[in-house]
Amino acid sequence: MPAGVVLLLAGCATGPSLENQGSVTAPPGDSKHLVIGSAGFTESDLLAQMYALLLKQAGYKTSMITVANRELYEPALESGQIDVVPEYAATFADWLNAKTHGADARPVGSPDLGTTMTALRELASPRGLTVLEPGRAVDQNAFAVSAAYAREHHLKTLGDLGRSGLKVRLAAGDECVQRPYCEPGLKKTYGIDVVAVDPKGVGTTQAKQAVQSGRDQMVLTTTTDATLDEFGLVLLEDDKHLQNADYIVPVVNRSRAGGEGVTKALGKLNDVLTTADLASLNRQVDSWRRLPEDVARTYLRDKGLLT
C-alpha cells in the first residue's frame, strides 16, 4: 500500500462526535462516487470487489482502497474517506465496543446473530455508520481433523469428539490457551480432552501439516479455509455454537452511502453468497492465483447478478 494512503488515513478525523447528534441523525446520503475499502487479505479483497461491481451496475462510480489496519480504516469510514467496507458482525461489534467502552469492556459479540447485530448497530449508529443486513456467509473460527481420523472415530461434530474421550493435541496460536472460543471453550462446552496446544498459528500450513502427519489431532482454522482438501482435512461441526456469529455484513458511512440504492445493490449478494462459495472463491485466488476482481466478476455473472 502506498505510504501516502497510510498518512492520509492516519491523519483523518475520527468521524462525528458522539455529542454531535446532527451528524448522526441527518438523512441517509446517496453519493454517486463511493470508495470501497478492503482490509488487504484475500477474502476482504474479494468481498470489496463484489461490492464495487454490484454498485457500478447500480449506477455508482466506485474506487478501491486497501487499508490493512482496522485502527485506520474504521475512523476513515466514520469520516467519509471510505464509504463501504465488508466486516464481520461479532468481531466488529467487539471492536467498536472496546473503542467505546475501553479495552476491558465485556464482549458484546455472541453466537446468536440477532443479539450480535442489535449490539453492533447500537454501537455503530452514534458514529454515523449503518450496518446493512448480514448474508448467509460466515467466517468463524473452526476446528478440523484429518478425514482418516474422522472416519476412524466416527466424528462429524465437536460434540462427537468430546464424547469420544480421545486425547487431543491442538495446533493453534499460542493465545488459544486463554481464548474462550479455543482451549477453554473446547473443554467447558464440549468436554474435549485437549492435552496440549501446539503453537503453530491459526490455519497455517505448518499447523495443517502437523495434523496431516498425525503429530497433532486437530487444527484451529476458519470456516472459509480454502485449502483443507489439500491436506486431507475436514471441519467438525460446531454443534453447540461455541463460536461467535461472524457473519459478513457491509458497513457504510450513513451520510454518504446510507440510502436505499446502496442497500438494494449490496443486498443482492445476501441471497446467493454462502460460506462454501466464499471458501471456493478464496481457493481460486490463493491456490489458483487468479485475480480477486476476475474471480468476483465471474461469480456474480454465474449467479445472474451481473449482466
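The following paragraphs examine the structure supplied in this document. (Residues numbered from 1 in each chain as written. Predicted model: local features only at pLDDT ≥ 70, side-chain atom pairs only at ≥ 80, totals over all residues. Heavy atoms only, no water.)

### Re the overall build of the protein chain
Part 1: Each helix and strand in the protein chain was counted, giving 14 helices and 10 strands.
Part 2: Relative to its length of 307 residues, the protein chain is compact, with a C-alpha radius of gyration of 20 Å against a globular reference of 19 Å.
Part 3: With respect to the principal axes defined by its C-alpha atoms, the protein chain has extents near 60 × 45 × 35 Å.
Part 4: Split into buried and exposed, the 307 residues of the protein chain put 51% on the buried side. (Helix = DSSP H or I, 4+ residues; strand = E, 2+ residues; numbered from the N terminus. Rg over C-alpha atoms; globule rule 2.2 N^0.38 Å. Buried < 20%, exposed > 50% of the residue type's maximum accessible area, 1.4 Å probe, protein only.)

### Digging into helix α5 (residues 89-101)
Part 1: Taking 1.5 Å of rise per residue, the 13 residues of α5 would be expected to cover 18 Å, and the 18 Å separating its terminal C-alpha atoms lies within 8% of that figure.
Part 2: When α5 is considered as a whole, its buried residues turn out to be Ala-89, Ala-90, Phe-92, Ala-93, Trp-95, Leu-96 and Asn-97.
Part 3: Residues of α5 that are buried make contact with α4 (70-79), β3 (84-88), α6 (113-124), β4 (129-131) and β10 (248-253).
Part 4: Among the residues trailing α5, Gly-102 stands out with phi positive, at a value near 105 degrees. (Expected span 1.5 Å × (residues − 1). Contact = heavy atoms within 4.5 Å.)

### Re the state of the cysteines
A covalent bond bridging the sulfur atoms of two cysteines is what the word disulfide describes.
Part 1: Throughout the structure, instances matching the rule amount to 1 disulfide.
Part 2: Through a disulfide, Cys-176 is tied to Cys-182; the S-S separation comes to 1.9 Å. In this structure, the disulfide formed by Cys-176 and Cys-182 twists by about -85 degrees around the S-S bond and is classed as left-handed. (Disulfide = S-S within 2.5 Å.)

### Some thoughts on the packing of helix α3 (residues 42-57) against helix α13 (residues 275-286)
Part 1: Put simply, α3 and α13 touch, their axes get as near as 10 Å, and they point 110 degrees apart. Between α3 and α13, the interaxial angle falls into the category roughly perpendicular. Of the residues in α13, those touching α3 at Thr-42, Glu-43, Leu-46, Leu-47 and Met-50 are Leu-278, Leu-281, Asn-282, Val-285 and Asp-286. (Axes fitted to C-alpha atoms, helices over the stretch in contact; angles between N-to-C directions. Parallel < 35°, antiparallel > 145°, perpendicular 65-115°, else oblique.)

### Some thoughts on the packing of α5 against α6
Part 1: In contact at an axis separation of 9 Å, α5 and α6 are set at 40 degrees when each is read in the N-to-C sense. Viewed along their axes, α5 and α6 adopt a mutual orientation that is oblique. By crossing handedness, the relation of α5 to α6 is classed as left-handed. Residues Ala-89, Ala-90, Phe-92, Ala-93, Leu-96, Asn-97, Thr-100 and His-101 of α5 pack against Thr-116, Met-117, Leu-120, Leu-123 and Ala-124 of α6.
Part 2: Here the contact of α5 with α6 is composed, by residue class, of 9 nonpolar, 4 polar and no charged. (Left-handed = near helix turned anticlockwise from the far one by under 90°. Nonpolar A, V, L, I, M, F, W, Y, C, P; charged D, E, K, R; others polar.)

### Quick word on the sheet that holds strand β6 (residues 167-172)
Part 1: If you trace the 5 strands from one edge of the open sheet to the other, you get β7-β6-β8-β5-β9, paired in mixed fashion. Edge positions in the sheet fall to β7 (193-199) and β9 (233-236), since each has one partner strand and no second. Taking the axes of each pair of neighbouring strands and ignoring which way they run, one obtains an average angle of 40 degrees across the sheet.
Part 2: Pairing between β6 and β7: 6 bridges, direction parallel. Along β7, the bridge assignment pairs Leu-170 with Val-197.
Part 3: Taken strand by strand, helix α9 (residues 183-190) contacts β5 (141-146), β6, β7 and β8 (218-222), and its axis lies near 165 degrees from that of β7.
Part 4: Along the sheet face, helix α10 (residues 205-213) touches β5, β6, β7, β8 and β9 and points at about 145 degrees away from the line of β8. (Pairing = 2+ DSSP bridges.)

### What about the side chain of Thr-224?
Part 1: Mapping Thr-224 onto the fold places it in the loop between β8 and β9.
Part 2: Judged by its relative accessible area of 2%, Thr-224 falls in the buried class.
Part 3: Within polar-contact distance, the side chain of Thr-224 engages the side chain of Glu-43 at 2.7 Å.
Part 4: Sequence-distant contacts of Thr-224, defined by excluding residues within four places in its chain, comprise Glu-43, Val-138, Asp-139, Thr-275, Leu-278, Ala-279 and Asn-282. (Polar contact = N/O pair within 3.5 Å; in protein donor to acceptor, adjacent residues only side chain to side chain.)

### Section: the environment of Val-251
Part 1: In this fold, Val-251 is placed in strand β10.
Part 2: Look at Val-251 and you get buried, because its relative accessible area is 0%.
Part 3: Excluding residues within four positions of it along the chain, Val-251 makes contact with Leu-77, Asp-83, Val-84, Val-85, Glu-87, Phe-92, Leu-129, Thr-130 and Val-131.

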